[in-house]
Amino acid sequence: MGFARACSVALVGVEGVVVEVQADLEPGVAAFTLVGLPDKSLVESRDRVRAAVVNSGAEWPQKKLTVGLSPASVPKGGSGFDLAVACAVLGAAERIDPAAIADVVMIGELGLDGRVRPVRGVLPAVLAAAEAGYRHVVVPEQTAGEAALVPGLSVLGVRSLRQLIAVLGDEPVPEEPAADRGRPDTMLAGLMVPGAGLGTGLAPLSADGTAHRPDLADVAGQGRARKALEVAAAGGHHLLLSGPPGAGKTMLAERLTALLPPLSRQESLEVTAVHSVAGILPPGEPLISRAPYCAPHHSATMQSLVGGGNGLPRPGAVSLAHRGVLFLDEAPEFSGRALDALRQPLESGHVVVARAAGVVRLPARFLMILAANPCPCGRHTLAGAGCECPPSAVRRYQARLSGPLLDRVDLRVEVEPVGRADLMGSGGRGESSAEVASRVRAARERAAGRLAGTPWTTNSEVPGHELRTRLVAAPGALMAAERDMERGILTARGLDRVLRVAWTVADLRAADRPDASDIAVALELRTGIQRGVPMQAGAR
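Below: a short report on this structure.

How each quantity is defined
- Residues numbered from 1 in each chain as written.
- Predicted model: local features only at pLDDT ≥ 70, side-chain atom pairs only at ≥ 80, totals over all residues.
- Heavy atoms only, no water.
- Helix = DSSP H or I, 4+ residues; strand = E, 2+ residues; numbered from the N terminus.
- Buried < 20%, exposed > 50% of the residue type's maximum accessible area, 1.4 Å probe, protein only.
- Contact = heavy atoms within 4.5 Å.
- Areas by Shrake-Rupley, 256 points an atom, 1.4 Å probe, with all protein chains shown as cover.
- Phe/Tyr/Trp six-rings, centres within 6.5 Å; stacked < 30°, edge-to-face > 60°.
- Axes fitted to C-alpha atoms, helices over the stretch in contact; angles between N-to-C directions.
- Parallel < 35°, antiparallel > 145°, perpendicular 65-115°, else oblique.
- Left-handed = near helix turned anticlockwise from the far one by under 90°.
- Nonpolar A, V, L, I, M, F, W, Y, C, P; charged D, E, K, R; others polar.
- Core = buried A, V, L, I, M, F, W, Y, C linked by side-chain atoms within 4.5 Å.

Describing the overall build of the protein chain
Scanning the protein chain from N- to C-terminus turns up 22 helices and 16 strands. Looking at the protein chain residue by residue over its 540 residues, the buried ones come to 50%. The contacts of the protein chain with a sequence gap of at least 6 include a subset with a gap of at least 24, amounting to 72%. Accessible surface, the protein chain as shown: approximately 23,500 Å² in total, 53% of it carbon and sulfur.

The following block contains the structure:
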């Protein structure tokens, strides 16, 4: 009787569980039994592994073979267990030393010819292996860079099963022909889900290795909206842009990611892990260093926004926009259930999806931008534009954005139509994204220094209790906000959000704490009521 074990990782959402792959050989009729709650794609690995082992020059054991995946209570799926199953079988057959693979985590799909193909979710799988105490990982050669992002691990990238057998047996490693560089590498097909990257805002790299990024200087006019965009980027505040069609709401939203600072190392790992599981990680870019941008269509279902799918839930748009921007264009056209499902992740920064197959917690800390027309035809706010929508239709259309959802939006800006002078360039070119981004970065650094030693890094994350007790505004600065609260214009949550925006405005002008004018700017950005304060960028 022969026995050997190797290790692999089962992904549950964006978290991994280390799975022990055990192989047992007993005398009897040749058979291959796979147990341990595998799904259809994993059951099919029996034929893939057998063909890969034979075509790699090794002998398939003609005995009763049982492969168990432990813990058996965890659902397992995908083709990433192939490599561990093959090595466990070869270890039980004593083709390789069982001790050499006992504490090695192996992730990869096997082709019938023995080649090792890449799979999705390598980064979260390797992170789970490192947290479990493993120090040696074997992955496909194409994803070795992604696995190497995790410190403290020895990563071996292999091109074929015969190469891995040679390495484990201390034999000369055979040369494997590389892919034809004159055509796309078919081995990378396992990393991308067809169609999954549409709308995520990850622009493909051009031939010179650069990606086109829209610039804020392309936007004509819209001084108030540009100021709101800067405040949103500096403090991580949610934003509602309302106005007639063609005013530039989408242009402004598309340029927000250029104002956000680069992701930190920890944030990059979080975003890369989600995108790797979702199958939208660009090949050749193992680490995402800039904020993602996700813009789902208004016909998106609630499951596609918050996560779902058959079996265990998969990341939705709110998770794909983690640490980045979620743009909902034509927001009133989204279903009410889909919009109201955003209320919980807007507050908590994560989403918990419960299904019959299990409960998954997915990260979802994003900056949300809503774009909406004032009425079904879009001409309600235009003087003399001929809006024929009855008042009841206008009220119904605007009521599609529920009060509880809008209460979580810090900034609300009316985007006015662009005038001829601004559009033709006679009004002067606006500031570029780089100029605004430098002020945003300085404001975030001030906020981070003030919040050092706390769980928060941006003003939008600070709870109201801290803003009213420890991080207080200047004396008398809250008089206008208190009057609005007494009149019912502001809720208790709204007052806290006004304070957060005021701190961001103060950081942008390099002030120690917000004064009455900063509170007035925050109130105007939230309520839309003119307060008679200038909306200039930077210091006053």
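Picking up after the structure, the text goes on.
Notes on the packing of aromatic side chains
Under the criterion given, the structure shown has two aromatic pairs. Taking 5.7 Å as the distance between ring centres and 40° as the angle between the ring planes, the aromatic pair formed by F32 and W60 counts as tilted. Here W60 lies in the loop between α2 (45-55) and β4 (64-70) and F32 lies in strand β3 (residues 31-35), a separation of 28 residues in the sequence. With relative accessibility at 10%, the residue W60 sits in the buried group. Ring centres of Y293 and F327 lie 6.4 Å apart, and the angle between their planes is 25°; this geometry places the pair in the stacked category. With a gap of 34 residues between them, Y293 in strand β11 (residues 293-294) and F327 in strand β12 (residues 325-328) connect regions that are remote in the sequence.

Some thoughts on the packing of helix α8 (residues 223-235) against helix α18 (residues 433-450)
Packing of α8 against α18 leaves a shortest axis separation of 8 Å and a crossing angle of 40°. In terms of orientation, α8 and α18 fall into the oblique class. For the crossing formed where α8 meets α18, the hand is right-handed. Contacts between α8 and α18 involve E230, A233 and A234 on the former and, on the latter, V436, R439, V440, A443 and R444. Per-class residue counts for the contact of α8 with α18 are five nonpolar, no polar and three charged.

Comments concerning the nonpolar core
Counting 57 residues, the largest nonpolar core has L229, L239, L256, I369, I519 and L525 as the members making the most contacts within it. Top element by residues in this core is helix α21 (residues 492-508). It accounts for eight residues. Judged by nonpolar contacts, the second largest core, of 40 residues, contains V49, M106, V116 and V138.

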